[in-house]
2 protein chains.
Amino acid sequence: MTTLQPVLIDGQWKQAQSPAGTFSAVNPAAKAPLKDIYPISSFTEVGLALAAGHQAVTELRAVSADEIARFLDIFADMIEARSPALIEMAHLETALPKEPRLQSVELPRTTDQLRQAAQACRDRSWCRATIDTRLNIRSKHGPLGGPVIIFGPNNFPFAFNSIAGGDFAAAIAAGNPVIAKSNPGHPGTTKIFAEAAFEAVQKNGLPQAMVQLLYHFQPEDGLRLVAHPLVGATAFTGSRPSGLRLKEAADKAGKPIYLEMSSLNPVFILPGALKERLDLVAKELVNSCTMGAGQFCTKPGLVVLIKEKLSEAFFQAVKRYFQEAPSGFLLSEQLLSAIKAAIEKMKENGAEIVIGGQEFHKPGYCFANTLLRVSGDTFLENPKALQTEAFSTVSLFVFAQDMAQMKEIAASLEGSLTGTIYSHGQTEDEYSYGLIEPMLRCKVGRLLNDKMPTGVAVTPAMNHGGPFPATGHPGFTAVGIPASILRFTALHCYDNVRPHRLPLELQDKNPTGRTWRLIDGEWTQRDI
Amino acid sequence: MTTLQPVLIDGQWKQAQSPAGTFSAVNPAAKAPLKDIYPISSFTEVGLALAAGHQAVTELRAVSADEIARFLDIFADMIEARSPALIEMAHLETALPKEPRLQSVELPRTTDQLRQAAQACRDRSWCRATIDTRLNIRSKHGPLGGPVIIFGPNNFPFAFNSIAGGDFAAAIAAGNPVIAKSNPGHPGTTKIFAEAAFEAVQKNGLPQAMVQLLYHFQPEDGLRLVAHPLVGATAFTGSRPSGLRLKEAADKAGKPIYLEMSSLNPVFILPGALKERLDLVAKELVNSCTMGAGQFCTKPGLVVLIKEKLSEAFFQAVKRYFQEAPSGFLLSEQLLSAIKAAIEKMKENGAEIVIGGQEFHKPGYCFANTLLRVSGDTFLENPKALQTEAFSTVSLFVFAQDMAQMKEIAASLEGSLTGTIYSHGQTEDEYSYGLIEPMLRCKVGRLLNDKMPTGVAVTPAMNHGGPFPATGHPGFTAVGIPASILRFTALHCYDNVRPHRLPLELQDKNPTGRTWRLIDGEWTQRDI
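First, a word on what this report is: a plain description of the structure on this page.

About the criteria used
Residues numbered from 1 in each chain as written. Chains lettered and ligands numbered in written order. Predicted model: local features only at pLDDT ≥ 70, side-chain atom pairs only at ≥ 80, totals over all residues. Heavy atoms only, no water. Pairing = 2+ DSSP bridges. Helix = DSSP H or I, 4+ residues; strand = E, 2+ residues; numbered from the N terminus. Axes fitted to C-alpha atoms, helices over the stretch in contact; angles between N-to-C directions. Contact = heavy atoms within 4.5 Å. 1 Å grid on protein atoms, 1.4 Å probe; cavity = no way out; pocket = protein on both sides within 12 Å on 5 of 7 lines; lining within 4 Å. Points joined across faces, edges and corners; volume = space filled by probe spheres on them. Nonpolar A, V, L, I, M, F, W, Y, C, P; charged D, E, K, R; others polar. Least-squares fit on C-alpha atoms with pLDDT ≥ 70 in both. Salt bridge = Lys/Arg side-chain N within 4 Å of Asp/Glu carboxyl O. Buried < 20%, exposed > 50% of the residue type's maximum accessible area, 1.4 Å probe, protein only. Right-handed = clockwise from strand over helix to strand, strands pointing away. Buried area = accessible area lost by both parts, 1.4 Å probe. Polar contact = N/O pair within 3.5 Å; in protein donor to acceptor, adjacent residues only side chain to side chain. Phe/Tyr/Trp six-rings, centres within 6.5 Å; stacked < 30°, edge-to-face > 60°. Lys NZ or Arg CZ within 6 Å of the ring centre and 35° of its normal.

## Some details on the sheet that holds strand E17 (residues 370-375) of chain B
Then step 1. Taken together, the 12 strands give an open sheet; going across it, the order is E23(A)-E22(A)-E7(A)-E8(A)-E21(A)-E20(B)-E19(B)-E14(B)-E15(B)-E18(B)-E17(B)-E16(B), and neighbouring strands pair in mixed fashion. The sheet terminates laterally at strand E23 (522-524) of chain A together with strand E16 (352-355) of chain B, the two strands that pair on one side only. Averaged over all pairs of adjacent strands, the angle between their axes in this sheet comes to 25°, without regard to strand direction.
Then step 2. Here 5 bridges tie strand E15 (residues 302-306) of chain B to strand E18 (residues 394-400) of chain B, and the two strands are oriented parallel to one another. Of the residues in E18 of chain B, the one forming a bridge with valine 304 of chain B is valine 398 of chain B.
Then step 3. Here helix H10 (residues 309-324) of chain B sits on the sheet and contacts strand E14 (267-269), E15, E16, E17 and E18 of chain B; the angle it forms with E17 of chain B, its principal contact strand, is near 160°.
Then step 4. Strand contacts of helix H14 (residues 430-441) of chain B: strand E21 (489-495) of chain A together with E14, strand E19 (416-422) and strand E20 (444-449) of chain B, with the helix running at about 155° to E20 of chain B, the strand carrying the most contacts.

## Notes on empty space enclosed by the protein
Then step 1. Evaluation of the coordinates by the stated rule reveals 11 cavities of 30 Å³ or more.
Then step 2. One number sums up the size of the largest cavity: a volume of about 520 Å³.
Then step 3. Those elements that provide at least two residues to the lining of the largest cavity are strand E8 (137-143) and E21 of chain A together with strand E8 (137-143) and strand E21 (489-495) of chain B.
Then step 4. Looking at the lining of the largest cavity residue by residue, the classes come out as 16 nonpolar, 13 polar and 2 charged.
Then step 5. If you add up the space inside the second largest cavity, you get close to 290 Å³.
Then step 6. Taken together, 20 residues make up the lining of the second largest cavity; nearest its centre are Asp251 and His473 of chain A together with Asp251, Gly472 and His473 of chain B.
Then step 7. When contributions to the lining of the second largest cavity are tallied by element, the ones reaching two or more residues are helix H8 (240-252) and strand E13 (257-260) of chain A together with helix H8 (240-252) and strand E13 (257-260) of chain B.
Then step 8. With 3 residues, E13 of chain B is the single largest residue contributor to the lining of the second largest cavity.
Then step 9. Residue composition of the lining of the second largest cavity, by class: 8 nonpolar, 6 polar and 6 charged.

## A word on the relation of the copies chain A and chain B
Then step 1. The transformation that overlays chain A on chain B combines an axial shift of 0.0 Å with a rotation of 180°, and the residual RMSD is 0.0 Å. Those values place the two copies in the arrangement expected of a two-fold rotation axis.
Then step 2. Comparing interface residues between copies, 100% of those in chain A also sit at the interface in chain B, which points to an isologous, same-surface contact.

## Some thoughts on the pattern of salt bridges
Oppositely charged side chains can pair when the atoms bearing their charge come close.
All names here are of chain A.
Then step 1. Applying the stated rule across the entire model yields 60 salt bridges over all chains.
Then step 2. In this structure, the salt-bridge partner of arginine 115 is glutamate 80, at a minimum N-O distance of 2.9 Å. Of the two residues, arginine 115 is situated in helix H4 (residues 98-123) and glutamate 80 in helix H2 (residues 65-81); the sequence distance between them amounts to 35 residues.
Then step 3. By relative accessible area, which is 28% here, arginine 115 ends up partly exposed.

## Remarks on the pairing of strand E17 (residues 370-375) of chain A
Residues and elements named next belong to chain A.
Then step 1. Extensive coverage of E17 is indicated by the burial of 5 of its 6 residues.
Then step 2. Pairing analysis gives 6 bridges linking E17 to strand E18 (residues 394-400), with the strands arranged parallel. In the strand pairing of E18, serine 375 is matched with phenylalanine 399.
Then step 3. With respect to chirality, the unit in which E17 leads through helix H12 (residues 376-381) into the neighbouring parallel E18 is right-handed.

## Details of the interface of chain A and chain B
Then step 1. Contacts between the two partners involve 67 residues from chain A and, on the opposite side, 67 residues from chain B.
Then step 2. With both sides pooled, the region where chain A packs onto chain B buries about 5800 Å², and carbon together with sulfur makes up 54% of that total.
Then step 3. By the criterion of area lost to chain B, the three top residues of chain A are Leu491, Arg501 and Trp523 of chain A, representing 11% of everything that side buries.
Then step 4. Inspection of the chain A/chain B interface yields 12 salt bridges.
Then step 5. Between lysine 252 of chain B and glutamate 248 of chain A there is a salt bridge whose closest N-O contact spans 3.8 Å.
Then step 6. Where chain A packs against chain B, one counts 48 residue pairs in polar contact (both at pLDDT 80 or more).
Then step 7. Elements with a contribution of two residues or more to the side of chain A that touches chain B: strand E7 (130-132), E8, H8, helix H14 (430-441), strand E20 (444-449), E21 and E23 of chain A.
Then step 8. For the side of chain A that touches chain B, the class distribution of residues is 27 nonpolar, 22 polar and 18 charged.
Then step 9. Where E21 of chain A meets E20 of chain B, 3 bridges bridge the pair, whose relative direction is parallel.

## Observations regarding helix H5 (residues 166-173) of chain A
Residue and element names in this part refer to chain A.
Then step 1. Across the 8 residues that make up H5, a large majority, 8, are buried.
Then step 2. Those residues of H5 that sit buried are Gly166, Asp167, Phe168, Ala169, Ala170, Ala171, Ile172 and Ala173.
Then step 3. Buried residues in H5 make contact with H2, H4, strand E9 (148-151), strand E10 (178-181), strand E11 (211-214) and strand E12 (233-237).
Then step 4. Among the residues trailing H5, glycine 175 stands out with phi positive, at a value near 95°.

## Focus on the sheet that holds E17 of chain A
Strand pairing in a sheet takes place through backbone hydrogen bonds and is either antiparallel or parallel in direction.
Then step 1. Strand order in the open sheet made by the 12 strands is E16(A)-E17(A)-E18(A)-E15(A)-E14(A)-E19(A)-E20(A)-E21(B)-E8(B)-E7(B)-E22(B)-E23(B), with mixed pairing throughout. In this open sheet, the two edge strands, each paired with only one partner strand, are strand E16 (352-355) of chain A together with strand E23 (522-524) of chain B. Taken pair by pair, the neighbouring strands of this sheet meet at an average axis angle of 25°, ignoring direction.
Then step 2. Where E16 of chain A meets E17 of chain A, 3 bridges bridge the pair, whose relative direction is antiparallel. Across the sheet, residue isoleucine 355 of chain A finds its bridge partner in E17 of chain A, namely leucine 371 of chain A.
Then step 3. Together, strand E14 (267-269), strand E15 (302-306), E16, E17 and E18 of chain A form the strand contacts of helix H10 (residues 309-324) of chain A, whose direction differs from that of E17 of chain A by roughly 160°.

## Examining the environment of proline 300 of chain B
Then step 1. In this structure, proline 300 of chain B sits in the loop between helix H9 (271-290) and E15.
Then step 2. Distance from proline 300 of chain B to cysteine 442 of chain B, taken between C-alpha atoms, is 18 Å for residues 142 residues apart in sequence.

## Thoughts on the packing of aromatic side chains
Then step 1. On inspection of all chains with the given rule, the structure shows 32 aromatic pairs over all chains.
Then step 2. Seen in terms of ring centroids, tyrosine 258 of chain A and phenylalanine 488 of chain A are 5.7 Å apart; in terms of plane orientation they differ by 80°. Their pairing is edge-to-face. Of the two residues, tyrosine 258 of chain A sits in strand E13 while phenylalanine 488 of chain A sits in the loop between E20 and E21, which places them 230 residues apart along the sequence. The exposure classification of tyrosine 258 of chain A matches that of phenylalanine 488 of chain A, with both residues buried.
Then step 3. With a centroid separation of 5.7 Å and 75° between ring planes, the pair formed by phenylalanine 75 of chain B and phenylalanine 168 of chain B is classed as edge-to-face. Taken together, the residues phenylalanine 75 of chain B in helix H2 (residues 65-81) and phenylalanine 168 of chain B in helix H5 (residues 166-173) connect sequence positions 93 residues apart. Across this residue pair, the class does not change: phenylalanine 75 of chain B and phenylalanine 168 of chain B are buried.
Then step 4. Taken together through their ring pairs, the aromatic side chains of Tyr258, Phe476 and Phe488 of chain A together with Tyr258, Phe476 and Phe488 of chain B make up a single cluster.
Then step 5. Positioned above the aromatic ring of phenylalanine 217 of chain A, the side-chain terminus of lysine 181 of chain A is 6.0 Å from the ring centre.
Then step 6. Across the ring face of tyrosine 494 of chain B, the terminal group of arginine 441 of chain A is positioned such that the distance to the ring centre comes to 4.6 Å.

Scope: geometric values only; no functional claims are made or implied.
See the structure below:
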């Protein structure tokens, strides 16, 4: 019998104490449980991690930004050193392809994020030091008063991993300890990351509870955790129902929570685009829908067109490409059930399944590429129900009567991470664009033109966020450094505080000689 | 019989339709209702304002930042033109002194805030345009998808007025329409502001529902309003119970809400400060506690000292000055009841009333200047109950056994807007400062040294915010432009969007020649 995998609490890998249960990951390609067994931690154990994490908050105040940067860089190196094991394990646990996905795309992205966060730490500009020299009032963003709890999603075992991904990098860069909860879909991958992270902590002599790992706890314990007085903030990426429950608990306790919950990523295709390049747009759309077996938060789930001949031809082209495209493995059985339920709901509300619509009986979890269609009139009868995310290669086409109805459809949308408008390369669609864009702009975080939304670049200008229910707050992004760091901070003002007691970033001398600071209304790298 | 005062909805001053009731303001100096009668709007009427405000969102997208700036400037001029009427009315409704408070302090502060917001609009740097030229991804903060609802507090009839104060200036500067709810304590003052604001709207040919005014609605309608799908966000400044109810409703609907709810503003006085300048510190403290009859959100409600001879002498000095200081008028009868209840709660939990503790029977609402004391041991038995805000000249002194206990007290505090440490002018208290500061830092928005917290400068470096329950989110400030504007925005990213379709702030050419933008990691005023 395999023994239970140890949790990482307060600088010790140890056996879970009186776990509330155990679980194993399941290989989605074989529908078979993997051999390693992981504990579902009791709330007593969660409490131990919390107490240690809270202690680390104070300890981290004595750690310099350069030391934290060094930790992030060394951690990135250690991930690279473990890459064969990580790729092997993640492939087993998620059935995502080793190449190019895991090895050439997601792993380099993960280490790149950690190194960008290290660079941001070293540079210190992320904290937005703001100084009024006349009044001697100075402020900057600083770490929270408690550890950050991170719940990672199932679909990015590396880049959004709770102990190595974007949220982790951002929370650590701001100077917070992290308590990671592994996604139950890939506990083994998460454990390898945690081993690397903890080794980097030790190597740098950092507070030992700076990174901690629990694999799982009971849902009600998750609610208690995010609302606990000792917690600083929570980051959650996952399903909308779980996200909403956590949000309610955290909100009631006044604890910040950043959620990425669901997104339909509507694509509006204006008539001129089809006249000009129908087949190209179809290929781009299909590529965006099928990437990662449609399990991307930015997958286009809704396509809106004007009801006309070319749109019909476009739909037929997409249908053909959908049929030709292979269906990848889904991440879990729960996902399969959720997709079936979403499609059922759309059907009940008037959508017609044109292709797919059912499980695809391969050895692993698989759902047939699915296209649905509905008229604009029917969509507007129940826009909410017809905006149900199906996390797979599933898209609903809406055929609007005319431009006025297309505008109405845009106005009826819920918040999404992205919204896309395809238009004619010249001026032909300009008027229609002007009708749709103002509606769409306030529904999405990232607005695209003539480019599909999948693929989220890690750049300071990115917004991987958007209005509720895509996230919990429209002002923050989960991807893109330095902005993503600001989620895990409080605004710290110092009024008349003596010079030597100020954090380095607020002292007269520029701490690095290149930190950008807003001094008396001017962004500058100079000293005072 | 006086007729009902009209509401301002969708560009019309009109009689309330089927109001749910009526109310009058009360002159706190005479405990007498004033003659004007105001409607408590029905939810039907609230809905009309919402629909009009939502329509104005789209209309405002066609209005340039310069036009909004002009509106704010003209509004400020119009306020000045109405200043005698405003001062007269505010004095009647709040009993705050005309001089210096209303005329020389609060009114100039209000117009200054509006003009600073105008300047920020014109300058456009507030929106934090961030551009990645290589990937052609560009982002900035932009207005929300619905109007901003503003609930103003009772204690600043001008500077935090729902239709002229800091929240109003910030929401408008970001390009949002505002629906103001007057504080029921000063509806007449608010009406004069609304008249000026609406005249400025008309003079500038702006969307007519850009500013709207309701005086009051029933509490349950307030909960429906902040959670309504058409709402952009809410700002509330007021009592903790009301704030928490609104927060719960808005949170459930995923609507941003910014709250300023309560604050104890702890002051830690280290032994060296008393050795050096006991009487000066006592005078500064008393001045800070008595200003505005203690009805400031930054009034020190908790003073923490080490139990020793000098601290006792300090307490006696404060007591003497408290007894000498006149008690001003309180703003309302409800406040009086809340103060009594707060003191009762502190008493029940072991605090001893040394002076004051009861209503002061003047013609108006008045409460005797009150000092309470408690030992550190007793405080730590029930720190939560002993942190009950009493919005008046009421302060609780805590005498800690030693520095370790003082640290424990700091660690037990709830979130406050400010936290203060007084220390010896030389190095004497340096070690103690190092013990207390890390605890206090994560409990407050603004940390002060050797300076009392009342008086909130309007500077970009200010943080008038802090951890829950002082506010609803530790990352935002309600005072200080440009940061306060960011509350009423969403992060808008543009990915591959054609140049002429970008907002001006994100186009290659710097829109003003002086707007600060973060281009490829460098803050600059240049074009691309």
